[in-house]
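The lines below spell out each chain.
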Amino acid sequence: GDGLINRDELARGTDPNAPDSDFDGVGDSVDNCPATSNGDQADLNGDGTGDACNDTDNDGALDGADNCVQIANPDQLDEDTDAVGDLITAFPGVP
């Protein structure tokens, strides 16, 4: 077992019969995103929820894929393709 009771597993959306429901190498009882694979356990804002499951700025892009985690930018524009959203790039369009 993974140290969680079945009721808690079901509430977290994980499999009570699997010690690592998302197969990321981190057991469900300590995984900060137990139903989504995130082996690195990245948690940019330190809230205890992994970036793969979190949308800090509530713009619809999960933190792990958001190019501007702290500022809402639902369009995720990145004109200079530097992986940093145009809202926080000093000179959008300039690589």
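Presented here is a report on the structure given in the accompanying data block. (Residues numbered from 1 in each chain as written. Predicted model: local features only at pLDDT ≥ 70, side-chain atom pairs only at ≥ 80, totals over all residues. Heavy atoms only, no water.)

The next point concerns unusual backbone geometry. Although it is not a glycine, F23 sits at a positive phi angle of roughly 55 degrees. Mapping F23 onto the fold places it in the segment after α1 (6-12). Although it is not a glycine, A83 sits at a positive phi angle of roughly 70 degrees. Residue placement: A83 occurs in the segment after α1. (Helix = DSSP H or I, 4+ residues; strand = E, 2+ residues; numbered from the N terminus.)

For the rest of this paragraph, the subject is the environment of C33. In this structure, C33 sits in the segment after α1. In the structure, C33 is positioned 17 residues away from G50 in sequence and 5.1 Å away in space, judged by C-alpha atoms. The residues touching C33, leaving out its near neighbours within four places in the chain, are D22, N38, G50, A52 and C53. (Contact = heavy atoms within 4.5 Å.)

Its place among the elements puts D31 in the segment after α1. For D31, a relative accessible area of 3% gives the class buried. For D31 and G50, which are 19 residues apart along the polypeptide, the C-alpha to C-alpha distance reads 8.2 Å. Once you skip the residues sitting within four places of it in the chain, D31 turns out to touch R12, D20, D22, D24, V26, N38 and Q41. At a separation of 2.9 Å, a polar atom in the side chain of D31 contacts the main-chain amide nitrogen of C33. (Buried < 20%, exposed > 50% of the residue type's maximum accessible area, 1.4 Å probe, protein only. Polar contact = N/O pair within 3.5 Å; in protein donor to acceptor, adjacent residues only side chain to side chain.)

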